[in-house]
Amino acid sequence: MTGAQRAAVVLLSLGEAQAAEVLKHMGPREVQKLGMAMTTVSAVARDTVTQVFDDFVDSLAQPAAIGAGADDYIRAVLTQALGEERASSLIDRILAGRNTSGLDTLKWMDPRAIAELVRNEHPQIIAIVMAHLDEDQAAEVLKCLSDRVRADVLLRIATLDGIPPNALNELNDVMARQFSGNQNLKSSAIGGVRMAANILNFMDSGQDEVILESINRIDEPLGAQIRDLMFVFDNLADLDDRAIQTVLREISSDRLAVALRGAEAGVRNKITANMSQRAAEILLEDMDARGPVRLAEVEAAQKEILAEVRRMADAGTIQLAAKQEAFV
């Protein structure tokens, strides 16, 4: 069983109240991964469960850091994993006592539903809404909008420079058409060139270039800024060895083998040069043994790894090439 599946066995063995308390301390990506694992462990032998708990008890003796995170994705994932009725009770416990504004509530919605909700709004309103979402969710919403609107919205995201409280209150009123929200809002600094670049990083190959070309026709310097901040899979070759080694510790060899199928030789060489000789041999053998892999699967693996790289960069664990500073 994978680590996520073992964690799912433990969590599903707890009561709803205890499971909710655990999930409160997990980030959205962790919850999403755990929720998907729950769907694969519906029939587990008693001996396996016993072994999982033995391993779990042993691991408690080791120091571990649990970081607090947001609750994006929990509702959709747990509903899929546990069913509507049981998940509803668990979600209510997780969210008990939290003040969630109308805009924050959007994070629980399917991207297509968000796109439908804002489709007829002014592009500036759409930009503010999307700036409140995580970049990958915002990218999915952007895919659901028309080609004409995409570049306009992303340009407005890139040029956002804080939203005054009265504007947020007005926007929250718009969102109240679908659900009630909390009007106690503060001035918020959202959007910016970096967020625009991160959203484009989650767009499908080709779509990002179309949007960038449209932005360049309107504001060429801004388009150049966005492009400079974009980090694609082949840019992994630009990371220093220490950063690559840090990233490799957080990525499964299975996903890496798939992602590297569509990578340039420079990226492959950079990755294998920072692995032990035996580990590099196993990785290359795995890649050869897989045979042809669908392009969509390769791109999905690359996006998963890039999401982890950007998370580590945002946390300051590693530096992307564009952020590296000169030392003397």
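Cut-offs applied
- Residues numbered from 1 in each chain as written.
- Predicted model: local features only at pLDDT ≥ 70, side-chain atom pairs only at ≥ 80, totals over all residues.
- Heavy atoms only, no water.
- Helix = DSSP H or I, 4+ residues; strand = E, 2+ residues; numbered from the N terminus.
- Buried < 20%, exposed > 50% of the residue type's maximum accessible area, 1.4 Å probe, protein only.
- Contact = heavy atoms within 4.5 Å.
- Areas by Shrake-Rupley, 256 points an atom, 1.4 Å probe, with all protein chains shown as cover.
- Salt bridge = Lys/Arg side-chain N within 4 Å of Asp/Glu carboxyl O.
- Core = buried A, V, L, I, M, F, W, Y, C linked by side-chain atoms within 4.5 Å.
- Axes fitted to C-alpha atoms, helices over the stretch in contact; angles between N-to-C directions.
- Parallel < 35°, antiparallel > 145°, perpendicular 65-115°, else oblique.
- Left-handed = near helix turned anticlockwise from the far one by under 90°.
- Nonpolar A, V, L, I, M, F, W, Y, C, P; charged D, E, K, R; others polar.

### Quick word on the overall build of the protein chain
Then, number 1: Counting secondary structure elements, the protein chain contains 20 helices and 0 strands.
Then, number 2: A burial count over the protein chain gives 42% of its 328 residues as buried.
Then, number 3: Taking the intrachain contacts of the protein chain between residues at least 6 apart in sequence as the baseline, contacts between residues at least 24 apart amount to 76%.
Then, number 4: Put simply, the protein chain shows about 17,800 Å² of open surface, and 48% of that area lies on carbon and sulfur atoms.

### Some remarks on the pattern of salt bridges
Side chains that differ in sign of charge can pair as their charged atoms come close.
Then, number 1: For the structure shown, the criterion picks out 8 salt bridges.
Then, number 2: In this structure, D241 engages K270 in a salt bridge whose closest nitrogen and oxygen atoms are separated by 3.2 Å. Taken together, the residues span a long stretch of sequence, with D241 in helix α16 (residues 241-248) and K270 in helix α18 (residues 265-273) at a distance of 29 residues.

### Some words on the nonpolar core
Then, number 1: Counting 39 residues, the largest nonpolar core has M130, L142, L154, I157 and I226 as the members making the most contacts within it.
Then, number 2: With 28 residues, the next largest nonpolar core counts V258, V267, M312 and A313 among its residues.

### What about the packing of helix α10 (residues 135-144) against helix α13 (residues 193-201)?
Then, number 1: Interaxial distance between α10 and α13 falls to 8 Å at its minimum, and their mutual angle equals 65°. Here α10 is positioned roughly perpendicular relative to α13, judged by the angle of their axes. Considering the relative orientation of α10 and α13, their crossing is right-handed. Here E135, A138, A139 and L142 of α10 come into contact with α13, specifically with M195, N198 and I199.
Then, number 2: Split into classes, the residues belonging to the contact of α10 with α13 amount to 5 nonpolar, 1 polar and 1 charged.

### Focus: the environment of T40
Then, number 1: Assignment of secondary structure puts T40 in the loop between α3 (28-38) and α4 (46-59).
Then, number 2: Residue classification places T40 among the partly exposed positions, given a relative accessible area of 48%.

Just geometry here; none of it tells us what the structure is for.
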